[in-house]
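# Breakdown of the fold
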Amino acid sequence: MTTIDYNHRIPNNVDLADDRKLTRALESWMPSFENWWRDMGPQGFEAADVYLRTAVNTNIHRESAWGHTKLTDYRWGIFLTDPEPDRKISHGEFKGMDVWQDVPGEFRNPLRRLIVVQGDTEPASVEQQRHLGATAPSIYDMRGLFQVNVEEGRHLWAMVYLLDRFFGRDGREEAQALLERHSGDADKPRILGAFNEPTPDWLSFFMFTYFTDRDGKFQLASLAESAFDPLSRTCNFMLREEAHHMFIGTTGVERVVQRACEVMREIGSDHPDDVRASGAIDLPTIQRYLNFHYSVSLDLFGAELSSNAATYFSAGLKGRFREITIDDDHVLTDAVYPVLSPNGLIIEKDEPALQALNTALQDEYIDDCAKGVKKWNRAIHAAGIDFELVLPHRGFHREVGQFADVHVTPDGGLVDREAWEARRDDWLPSPSDRSFVESLMIPVVEPGKMAGWIAPPASGINGQPIEYEYVKLRAA
Ligand SMILES: [Fe+2]
Ligand SMILES: [Fe+2]
């Protein structure tokens, strides 16, 4: 079992102390990172002490240390899960051979690209969330936000480690560029669309951590299948942190739903205007936010039919979700996979499985997304309210892939552009929905108290009570 070296300036379990060249590369990147965190990270809480967890070891039964720390004192580090002895390549042309401890020359470019695209999402979400601390609905939620932020910062470190350690000068340049692109920047935007969308309010934040962090889970899980072992071990460790981000999303949305239901029962009305007048977020508005975040997150998987995905798989760079549990030859040269495509009607057609890997990953994602929705619906039904949240059709509101050029309704109908645009505000958050939600974003900083639009959590974090002082605010 690996323990983490906390004596090094950069906590790590990759023997940095023995690698002066790599240490120098990382230490010369560190000031840029610190500047970026100061300029683009959480705004206005430099002096606050936040109850955060950090890794103590990277054992599968993870242990964490918990304590109050300033965000600027958080110790970002480089943690990989322990190597799996005799690990073999699980898929593609080299299936059954030993995994690689270094980058094969012929796969240098595609591997670097995969790492850069994943790496780019990590600081992007920190940028998207940088103003949310100021409107947290509780100290408990503020802590959750900052935990996500520091861990996304650490994920950036994880990717920069791979770039610096294995990709020489190109890698160092990419590491710099990861701090130069910014979410929503007109000239140098982040690579993927959803990471350039603003996260202006806490309903968006919870939807983002539910739907977009979950895309991260599936991307990381398929990179964890990589033949390039250091990438696999890096992603396996990141996945554990990711689980907590999705917990924040699942429970966050659930609490907003619960509060809406409580208010509906109190006032004896389910009319959205009445719910809003009582300071809660009506369920149809929650549905529209869900539609938005789900559809932009589906775009992150890339085109449903993709020759890049085929190349990555065949070369062993990126596998499928839980590759070894799938019952087939793991090479897929003759296999087919059903893919939906809009041709006058939306029809399912068998396509070459290698081309359809992004669809296969999307299918796993969609099943996983449905679980939380089911949980939210249970809360609605438990309150005796007749309403059901649903995932819209996978072709709804898409900008990437098979459905990019057509107009699909949430229940899967194909309509023309005009008809679709006429209903847009029924299906996606309208400017007035957004300004209503924004009007609720009044900070609540007294420990244990919650904003009126969200129910308290079922329990506190790490066994602490809900009214624990998760963030100690101090004047800067
Ligand atoms: Fe992440
Ligand atoms: Fe995340």
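Presented here is an overview of the structure given in this document. Since the model is a prediction, treat every value here as computed from it, not as a measurement.

## Overview of the overall build of the chain
A tally of helices and strands in the chain yields twelve helices and seven strands. For a compact globule of 476 residues, the expected C-alpha radius of gyration is about 23 Å, and the chain comes in at 23 Å, within 12% of that figure. C-alpha atoms of the chain, sized along the principal axes, occupy 65 × 60 × 40 Å. Looking at the 476 residues of the chain, the share that counts as buried comes to 46%.

## Things to note about the sheet that holds strand E1 (residues 49-55)
Spatially, the three strands line up as an open sheet ordered E2-E1-E7, and their pairing is antiparallel. Looking at the sheet topology across the chains shown, the edges are occupied by strand E2 (64-70) and strand E7 (471-472). Packed onto the sheet, helix H3 (residues 139-166) meets E1 and E7 and runs at close to 45° relative to E1.

## Remarks on unusual backbone geometry
For residues other than glycine, phi is negative in most cases, and the peptide bonds are mostly trans. Backbone geometry at aspartate 15 places phi at a positive 55°, although glycine is not the residue there. Structurally, aspartate 15 can be placed in the segment before helix H1 (20-40). Take aspartate 15: there are 11 C-beta atoms within 10 Å of it, and that puts it in the exposed class. Positive phi is not limited to glycine here, since histidine 330 has a value of about 65°. Looking at the element boundaries, histidine 330 is found in the loop between helix H9 (307-315) and strand E3 (336-343).

## Focus: helix H10 (residues 357-382)
In this model H10 runs 38 Å from its N-terminal to its C-terminal C-alpha over 26 residues, within 8% of the 38 Å that 1.5 Å per residue would give. Listed as buried for H10 are Leu357, Asn358, Thr359, Ala360, Leu361, Gln362, Tyr365, Cys369, Gly372, Trp376 and Ile380. Structurally, H10 contributes buried residues whose contacts are with helix H5 (202-223), helix H6 (229-267), helix H8 (283-299), H9 and E3.

## Re the environment of tyrosine 289
One can find tyrosine 289 in helix H8. Given 24 C-beta atoms within 10 Å, tyrosine 289 falls into the buried group. Taking the C-alpha atoms as reference points, tyrosine 289 and valine 253, separated by 36 residues in sequence, lie 10 Å from one another. The residues touching tyrosine 289, leaving out its near neighbours within four places in the chain, are Leu203, Ser204, Met207 and Pro429.

## Quick look at H8
The end-to-end C-alpha distance of H8 is 25 Å, a good match for the 24 Å that 17 residues give at a rise of 1.5 Å each. Counting buried positions over the 17 residues of H8 gives 14, a clear majority of the element.

## A word on the packing of H6 against H10
One way to put it is that H6 packs onto H10 with a least axis distance of 9 Å and a crossing angle of 20°. Between H6 and H10, the angle falls in the class roughly parallel. By crossing handedness, the relation of H6 to H10 is classed as right-handed. In this structure, H6 uses Thr250, Val253, Glu254, Val257, Gln258 and Cys261 to contact H10, whose residues at the interface are Gly372, Lys375, Trp376, Ala379 and Ile380. Tallied by class, residues from the contact of H6 with H10 come to six nonpolar, three polar and two charged.

## Some thoughts on the packing of helix H2 (residues 108-128) against helix H4 (residues 168-180)
Two elements in contact, H2 and H4, have axes separated by 9 Å at closest approach and are oriented at 25°. Compared by their axis directions, H2 and H4 come out roughly parallel. Crossing of H2 over H4 shows right-handed handedness. Contacts from Arg112, Val116, Gly119, Asp120 and Pro123 of H2 reach H4 at Asp170, Gly171, Glu174, Leu178 and Leu179. Here the contact of H2 with H4 is built from residues that sort into four nonpolar, two polar and four charged.

## With respect to the pairing of strand E4 (residues 345-352)
Counting buried residues along E4, only zero of its eight residues qualify, which leaves the element largely exposed. Here E3 pairs with E4 via eight bridges, running antiparallel. Its bridge partner being in E4, proline 342 is matched across the sheet by isoleucine 346. Counting the residues that bridge the hairpin from E3 to E4 gives one residue, and of these glycine 344 lies at a positive phi of roughly 80°.

## Points about the environment of tryptophan 157
For tryptophan 157, the position within the fold is in helix H3. Take tryptophan 157: there are 22 C-beta atoms within 10 Å of it, and that puts it in the buried class. Taking the C-alpha atoms as reference points, tryptophan 157 and alanine 175, 18 residues apart in sequence, are found 9.2 Å from one another. Those residues in contact with tryptophan 157 that sit more than four places away from it in its chain are Trp76, Gly77 and Ile78.

## So, the environment of glycine 460
With respect to the element layout, glycine 460 can be found in the loop between helix H12 (431-439) and E7. A C-alpha to C-alpha distance of 31 Å links glycine 460 and aspartate 82, two positions 378 residues apart in sequence. In contact with glycine 460, not counting residues within four places along its chain, are Tyr140, Pro465, Ile466 and Tyr468.

Conventions adopted
Residues numbered from 1 in each chain as written. Chains lettered and ligands numbered in written order. Predicted model: local features only at pLDDT ≥ 70, side-chain atom pairs only at ≥ 80, totals over all residues. Helix = DSSP H or I, 4+ residues; strand = E, 2+ residues; numbered from the N terminus. Rg over C-alpha atoms; globule rule 2.2 N^0.38 Å. Buried ≥ 20, exposed ≤ 12 C-beta atoms within 10 Å, placed from the backbone. Pairing = 2+ DSSP bridges. Contact = placed C-beta atoms within 7 Å. Axes fitted to C-alpha atoms, helices over the stretch in contact; angles between N-to-C directions. Expected span 1.5 Å × (residues − 1). Parallel < 35°, antiparallel > 145°, perpendicular 65-115°, else oblique. Left-handed = near helix turned anticlockwise from the far one by under 90°. Nonpolar A, V, L, I, M, F, W, Y, C, P; charged D, E, K, R; others polar.

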